[in-house]
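Examining the three-dimensional arrangement
Given next are the chains, with one letter for each unit.
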Amino acid sequence: MTGHASPILTTLLDTDAYKLHMQQAVYHRYYDVPVTAEFRCRSDELLGQYADEIRAQIAMLRDLTLSDDEYTYLSGLPFFQADYLSWLRQFRYDPSQVDVRNEQGHLRIQIAGPWREVILWEVPLLALISEVVHRHRTPELGVEQAVAHLQHKLVNFREQVGDLDMSRFQLMDFGTRRRYSQAVQEGIVSTLKSAFPWLVGSSNYDLARRLQLNPVGTQAHEWFQAHQQISPVLANSQRAALQSWLDEYNGQLGIALTDCITMDAFLRDFGPGFAHRYQGLRHDSGDPVEWGEKAIAHYQRLDIDPNSKTLVFSDNLNLDKALALYRHFGQRANVVFGIGTRLTCDIPGVTPLNIVIKLVTCNGKPVAKLSDSPGKTICQDKAFVRALRKAFDLPLVKRAS
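Residues numbered from 1 in each chain as written. Predicted model: local features only at pLDDT ≥ 70, side-chain atom pairs only at ≥ 80, totals over all residues. Heavy atoms only, no water.

So, on to the overall build of the protein chain. A tally of regular secondary structure across the protein chain gives 17 helices and twelve strands. Computed over its C-alpha atoms, the radius of gyration of the protein chain comes to 20 Å, within 12% of the 21 Å expected for a compact globule of 401 residues. The principal-axis extents of the C-alpha atoms in the protein chain amount to approximately 60 × 55 × 45 Å. Relative to its 401 residues, the protein chain shows a buried fraction of 59%. Restricting the contact set of the protein chain to residue pairs at least 6 apart, pairs at least 24 apart contribute 79%. (Helix = DSSP H or I, 4+ residues; strand = E, 2+ residues; numbered from the N terminus. Rg over C-alpha atoms; globule rule 2.2 N^0.38 Å. Buried < 20%, exposed > 50% of the residue type's maximum accessible area, 1.4 Å probe, protein only. Contact = heavy atoms within 4.5 Å.)

Structural data, given as structure tokens:
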């Protein structure tokens with residue numbers, strides 16, 4: 001046993017930017033909406049043995065508060081409003097909202113409460129689970145090995161680039177949720193800032209603030225999922241989510257996530273009004289080349305120049321995949337690559353955890369993520385999945401797990 005009594009997370013801002021961005025919108029629009037979220041280990045590993053240590057780390061989160069310096073920093077950004085930031089100053093994690101169990105070796109976690117509070121649990125929980133597990137499995141590894149491996153990858157990357165015009169290549173760190181550790185993520189991002197001229201930002205608010213990077217991120221699947229039970233008509237739920245976001249941010253933070261109900265269903269809802277007002281789209285499942293071609297064709301059909309829009313690729317990327325996608329799309333649209341696990345948990349001898357936390361109910365009723373990758377479907381209520389597929393004119397499938 002190598003349990004640590006000290007807290008893994010030491011600041012409220014050690015989370016992904018899209019969580020605060022969504023939280024503000026929820027605070028303003030859906031203050032009393034209740035939700036539940038659940039942990040999933042997609043590789044079905046036996047992580048239950050770490051339940052007690054994870055529970056102890058969760059208990060320590062109740063002590064986190066927004067510092068004066070952090071409050072001042074957030075206040076200086078163009079998209080946060082004073083009423084939300086005043087509320088965030090008073091926010092405290094409530095560990096009683098999180099039920100952690102070891103069920104026959106499997107780690108089971110459920111989070112329940114008002115959406116405005118539950119929304120902040122996902123990223124820190126996943127980050128601390130990942131760090132706890134890696135501390136036990138490979139205690140001899142850490143920042144030194146991670147940075148050395150990154151340096152090797154950067155040499156290889158530059159060799160592949162050759163004389164390619166890289167003026168439009170942009171990289172973002174998306175690595176908080178499944179990082180090896182906080183220290184490793186900071187070491188990786190610091191190294192990229194000094195050695196990789198194409199780094200444009202980090203999704204981690206704490207690192208963005210301290211390393212003077214752009215904080216990046218808009219919305220996650222839960223934004224669209226929740227609207228499945230907020231919108232009075234299921235078939236209108238995706239459009240309602242897109243419109244509510246525009247109402248909150250009025251063109252700022254304008255990258256829309258496309259795969260909650262599949263790209264095809266998204267594009268049917270993403271008409272000229274949305275396509276003009278949103279700055280671009282984010283890919284998170286399915287074949288990225290097929291997705292990018294669909295996005296570009298959609299803009300062209302609407303007589304919108306794809307080079308005026310941004311395509312963000314963020315599904316299981318590494319530097320090699322990003323470069324290949326840049327070669328394909330780099331002169332046809334603004335392209336950005338959000339790389340997570342393959343940066344912040346890429347150490348020889350380490351197997352990253354394939355873990356997620358997803359919304360499962362809103363207003364006491366089921367919600368679903370269908371995705372463009374069948375293995376990423378999230379919903380245990382098969383009747384609701386059928387209803388969702390019917391509402392969005394998608395073919396029924398025999399199995400949704």
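A few words now on the side chain of S285. Topologically, S285 is positioned in the loop between β8 (280-283) and α14 (288-301). Since its relative accessible area comes to 2%, S285 is described here as buried. One polar contact links S285 to D259, side chain to side chain, over a distance of 2.6 Å. (Polar contact = N/O pair within 3.5 Å; in protein donor to acceptor, adjacent residues only side chain to side chain.)

Before going further, it helps to examine helix α3 (residues 68-75). Along α3, the residues that are buried comprise E70, Y71, Y73 and L74. Take α3 and look down its axis: the buried residues cluster within an arc of 160 degrees, on one side only. Opposite the packed face of α3, turned more than 90 degrees from it, sit the exposed residues D68, D69 and T72. Tucked into the core, α3 has its buried residues touching α1 (17-29), α4 (82-90), α9 (205-211) and β6 (214-215). (Arc of directions from axis to C-beta.)

This part is about the packing of helix α7 (residues 143-161) against helix α15 (residues 319-329). Between α7 and α15, whose axes approach to 10 Å, the crossing angle comes to 20 degrees. The pairing of α7 with α15 is recorded here as roughly parallel in orientation. Read as a crossing pair, α7 and α15 show a hand that is right-handed. Within the contact between the two elements, α7 uses K153, L154, N156, F157, Q160 and V161 and α15 uses L319, D320, L323 and R327. For the contact of α7 with α15, the residue count by class is five nonpolar, two polar and three charged. (Axes fitted to C-alpha atoms, helices over the stretch in contact; angles between N-to-C directions. Parallel < 35°, antiparallel > 145°, perpendicular 65-115°, else oblique. Left-handed = near helix turned anticlockwise from the far one by under 90°. Nonpolar A, V, L, I, M, F, W, Y, C, P; charged D, E, K, R; others polar.)

Judged by pairing direction, the sheet is antiparallel, and its five strands sit side by side in the order β2-β3-β1-β11-β12 without closing on themselves. Bordering the open sheet on either side are β2 (98-103) and β12 (365-366), each of which pairs with just one other strand. In this sheet, strand β3 (residues 106-114) lies alongside β2 in antiparallel orientation, the contact comprising six bridges. Paired with R101 across the strands is R108, a residue of β3. The sheet contacts of helix α6 (residues 122-137) involve β1 (34-41), β2, β3 and β11 (355-362), and relative to β11 the element is tilted by about 150 degrees. (Pairing = 2+ DSSP bridges.)

Per the UniProt entry, the sites bearing "modified residue: Phosphohistidine" (unreviewed entry) are H221 in this numbering. Looking at the secondary structure, you find H221 in helix α10 (residues 221-230). Its relative accessible area of 3% is what places H221 among the buried residues. Each residue touching H221, except ones within four places of it in the same chain, is listed here: L257, D259, C260, D284, K358 and K369. (UniProt positions renumbered as here; feature names shortened; annotations may be inferred.)

So, about the pattern of salt bridges. Within the structure shown, the criterion is met by 22 salt bridges. A salt bridge links K19 to E222; its shortest N-O distance comes to 2.3 Å. Placement of the pair is K19 in helix α1 and E222 in helix α10, with a sequence separation of 203 residues. The exposure classification of K19 matches that of E222, with both residues buried. Residue D206 pairs with R210 through a salt bridge whose shortest N-O separation is 3.1 Å. (Salt bridge = Lys/Arg side-chain N within 4 Å of Asp/Glu carboxyl O.)

On to unusual backbone geometry, then. At L253, a position not held by glycine, the phi torsion is positive, near 50 degrees. Looking at where L253 falls in the secondary structure, it is placed in the loop between α11 (237-249) and β7 (255-257).

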